[in-house]
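Given next are the chains, with one letter for each unit.
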Amino acid sequence: MTVHGRRALVTAGSSGLGTAIATSLRSGGAEVFITGTGPHTGEVAREIGAAGWAIADFTQPGAAAAAAAAARETLGDIDILVSNTGGTRAATASELSAHDWDSAYRLVLDSAISLTSTVLPAMSAAGWGRLIYVTSVGVVKPLPLLHLSNVMRAGVAALARSLAAEVAPHGVTTHVIAPAHIDTPRRRSLAAARAAAAGVPTEELERRQLASELPVGRWGHPEEIGELVAHLCAEYSGFQTGQTHVVDGGMTST
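One structure accompanies this document, and this report is about it. (Residues numbered from 1 in each chain as written. Predicted model: local features only at pLDDT ≥ 70, side-chain atom pairs only at ≥ 80, totals over all residues. Heavy atoms only, no water.)

Considerations on the overall build of the protein chain
For clarity, the threshold we go by: Secondary structure elements are taken from DSSP: a helix is a run of H or I of four residues or more, a strand is a run of E of two residues or more, and numbering for both begins at the N terminus. Throughout, radius of gyration means the C-alpha value; the globule benchmark is 2.2 Å times the number of residues raised to the power 0.38. With a 1.4 Å probe rolled over the protein chains alone, any residue whose accessible area is under 20% of its type maximum counts as buried; one over 50% counts as exposed, and the rest are partly exposed. Only heavy atoms enter the contact rule, under which two residues are in contact if any of them lie within 4.5 Å. Surface exposure here means Shrake-Rupley accessible area, sampled with a 1.4 Å probe, where a residue is shielded only by the protein chains that are shown. None of His or the chain ends enter the tally, which takes Lys and Arg as positive and Asp and Glu as negative. For this purpose, a charge sits on NZ of Lys, CZ of Arg, CG of Asp or CD of Glu.
Check the secondary structure of the protein chain and you find eight helices and seven strands. Scaling as 2.2 N^0.38, a compact globule of 254 residues should have a C-alpha radius of gyration of about 18 Å, and the protein chain matches this with 18 Å. For the protein chain, the residues scored as buried account for 51% of the 254 residues in total. The long-range share in the protein chain, meaning contacts at least 24 apart out of those at least 6 apart in sequence, stands at 71%. As presented, the protein chain carries roughly 10800 Å² of accessible surface, and 55% of it is formed by carbon and sulfur atoms. Of note, the protein chain has its 18 positive side-chain charges centred 3 Å away from the centre of its 22 negative side-chain charges.

Some words on the packing of helix α3 (residues 63–75) against helix α4 (residues 98–126)
Put simply, the test is: In this analysis, axes come from line fits to C-alpha atoms, helices being fitted only over the stretch in contact, and the angle between any two N-to-C directions falls in the range 0 to 180 degrees. Whether a crossing is left-handed or right-handed is set by the direction in which the near helix is turned from the far one by less than a right angle, anticlockwise for left-handed and clockwise for right-handed. By the convention adopted, Pro, Cys, Tyr, Trp, Phe, Met, Ile, Leu, Val and Ala count as nonpolar, Lys, Arg, Asp and Glu as charged, and the other residues, Gly among them, as polar.
Contact pair α3 / α4: the axes reach a minimum separation of 8 Å and the direction vectors enclose 35 degrees. Regarding α3 and α4, the two cross each other, and that crossing is right-handed. The residues of α4 that touch α3, namely those facing A64, A65, A68 and R72, are S111, S114, L115 and T118. Looking at the contact of α3 with α4 residue by residue, the classes come out as four nonpolar, three polar and one charged.

Considerations on helix α5 (residues 147–167)
Quick note on the threshold: To estimate the expected span of a helix, subtract one from its residue number and multiply by 1.5 Å.
Look at α5: 30 Å from first C-alpha to last across 21 residues, which is about the 30 Å you get at 1.5 Å a residue. Taken as a whole, α5 has its buried residues at L148, S149, N150, M152, R153, V156, A157, L159, A160, L163, A164 and V167. On the buried face of α5, the contacting elements are α4, β5 (129–134) and β6 (172–179).

A closer look at the packing of α4 against α5
Note the cut-off: Roughly parallel here means an angle under 35 degrees, roughly antiparallel means over 145, roughly perpendicular means 65 to 115, and every remaining angle is called oblique.
Where α4 contacts α5, the two axes come as close as 8 Å, and the packing angle between them is 20 degrees. It follows that α4 is roughly parallel to α5 by the angle criterion. Considering how the two elements wind past one another, α4 and α5 form a crossing that is right-handed. Here α4 contributes D100, W101, A104, Y105, V108, L109, A112, I113, T116 and L120 to the contact with α5, which in turn contributes H147, L148, V151, M152, R153, G155, V156, L159, L163 and V167. Grouping the constituent residues of the contact of α4 with α5 by class yields 15 nonpolar, three polar and two charged.

Some thoughts on helix α7 (residues 202–212)
Our working definition: The directions from the helix axis to the C-beta atoms are what the arc is built from.
Those residues of α7 that sit buried are L205, E206 and Q209. Looking straight down α7, one finds that the buried residues subtend no more than 100 degrees of arc, so they occupy a single side. Within α7, the exposed residues directed more than 90 degrees away from the buried face are E203, A211 and S212. Contact partners of the buried residues in α7: α6 (185–198).

Here we look at the nonpolar core
To keep things clear, this is the line we draw: Grouping buried Ala, Val, Leu, Ile, Met, Phe, Trp, Tyr and Cys residues that are joined through side-chain atoms within 4.5 Å yields what is termed a nonpolar core.
Counting residues in hydrophobic clusters, the biggest one holds 36 residues, and the most contacted among them are L9, F58, M123, L131 and Y133. Contributions of two or more residues to this core are made by α3, α4, β5, α5 and β6. Ranked by residue count, the leading element in this core is α4, at nine residues. Discounting chain neighbours no more than four positions away, the residues touching Y133 are S83, A112, T116, V156, L159, A160, L163, H175, V176 and I177. Listed in part, the 27 residues of the second largest apolar core include V10, V44, I48 and I225.

Some thoughts on the packing of aromatic side chains
Just so we agree on the cut-off: In this scheme Phe, Tyr and Trp rings, the latter by its six-membered ring, pair at centre separations within 6.5 Å, and the angle between planes marks the pair as stacked below 30 degrees, edge-to-face above 60, and tilted otherwise. Two limits define a charge over a ring: the Lys NZ or Arg CZ must be within 6 Å of the ring centre, and within 35 degrees of the ring normal.
Taken as a whole and assessed by the stated rule, the structure comprises zero aromatic pairs. Its end group placed over the ring of W219, R187 keeps NZ or CZ at 4.0 Å from the ring centre.

If you want it as structure tokens, here you go:
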């Protein structure tokens, strides 16, 4: 597959799924700009050969729009947007504050809306574009302790589906990536939180998850998400749009 010559903005590209996606797009020939929240973002950008990078905390007003503007300054108009964010707080509903909900909204949903609004006009004018939204399997099966993620990422999925028919005549496609149990630091931190809530060792909880939730019998690899995104961004995938791609090792089929 190839995305040679395309210009891609991958947010939260300095770790986990974001890095895997940015790496796959770069390997396919795309010029890539990544964002991240930590000082290691620049180092990751250099490692994968990204054209540029920016530190961006999407919980802050205006941060997503500023990141998109920085990407356009470096690359020119964006052909591929991968709207991806870090995780939200895991907690019971009664533990969540109004601040938690507001912060989650800005991080996940508002950033997706802002990024899309910034890059979509140029995509439509050019007659080609890819809008990829990395969410969670929680958009099809809400997950325990992840109320913030379940609600906000469902909004992102609705955005992608709502846009699909409108932007398709302009050569722009939309896709939702809905992963679960991909072996990233986020997966491991969630496992530790759930194990603590259940009063069992993390290793025991993970063993139970593998046995009861994952028919394939293993964790997913970030690279599998990266290759899927690269496939959807390739020229030959232009007939696919408005879809939610569940990548969960069979979790939602049980």
